[in-house]
Amino acid sequence: MAILPIIHFPDERLHTKATPVAIVDDQIRKLIADMAETMYAAPGIGLAATQIDVHQQVIVIDTSENHNNLLVLINPIIIKANGRAVHDEGCLSVPGIYEAVTRAAHISVKFLNIDGKETVLETDGLLAVCIQHEMDHLQGKVFVEYLSQLKQARIKQKLKKRIRETM
Ligand code: NI
């Protein structure tokens, strides 16, 4: 396994649309293992392959308190969504920034699990937020792009300043 570098907003590569996985084989399982290790090391509760510059539809999530309940979603599709909920979101690609985003409160998502088996998960709360956030990454969208242009410009400035300070 390996910890992979995470690309940061506003890197253009975060706008790449991921393609569906054709077969869940050893190569995909290695990608998943590396993504999980990268997410846990960060630490974070979700990571999309897009964020490590791999443009295939693979997501890892773990919202459990003890970080021992890994959820893998391959080729996810939302088949039902209702209600609205506002949560403060953060992102490993936008370090240190937390902003409120409105999303569906309840979702049903269909995906392939790590064994390539079709699975349907119905959920709400933090996990529903997290799944929608990571699925956006696969479509090339970062959560701060829901915010006003002014807020986005401020966030870009803040991130640039932080990069300068750490150099
Ligand atoms: Ni993110």
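First, a word on what this report is: a plain description of the structure on this page. (Residues numbered from 1 in each chain as written. Predicted model: local features only at pLDDT ≥ 70, side-chain atom pairs only at ≥ 80, totals over all residues. Heavy atoms only, no water.)

### A closer look at the coordination of the nickel ion
Move 1: Within the protein, Cys 91 (SG), His 133 (NE2) and His 137 (NE2) serve as the donor atoms for the nickel ion, at 2.1 to 2.2 Å.
Move 2: In primary-sequence terms, the residues that donate to the nickel ion follow C-x41-H-x3-H. Pair noted here: Cys 91 is in the loop between strand S4 (85-89) and strand S5 (99-103) and His 137 is in helix H2 (residues 125-138), with a separation of 46 residues, a long-range link. Each member of the pair, Cys 91 together with His 137, is buried. (Donors = N, O, S within 2.8 Å, 3.2 Å for Na, K, Ca; no water. Helix = DSSP H or I, 4+ residues; strand = E, 2+ residues; numbered from the N terminus. Buried < 20%, exposed > 50% of the residue type's maximum accessible area, 1.4 Å probe, protein only.)

### Regarding the sheet that holds strand S6 (residues 106-112)
Move 1: The five strands are arranged S1-S2-S3-S6-S7 in an open sheet whose pairing can be described as antiparallel. Only two strands of the sheet have a single partner each, and these edge strands are strand S1 (46-48) and strand S7 (118-124). Pairs of neighbouring strands in the sheet enclose a mean axial angle of 40°, with direction left out of account.
Move 2: Note that S1 and strand S2 (residues 58-61) share three bridges and pair antiparallel. Paired with Gly 46 across the bridge in S2 is Ile 61.
Move 3: Taken strand by strand, helix H1 (residues 26-41) contacts S1, S2 and strand S3 (71-82), and its axis lies near 40° from that of S2.
Move 4: The strands that H2 touches are S1, S2, S3, S6 and S7; relative to S7, the one it contacts most, it runs at about 125°. (Pairing = 2+ DSSP bridges. Axes fitted to C-alpha atoms, helices over the stretch in contact; angles between N-to-C directions. Contact = heavy atoms within 4.5 Å.)

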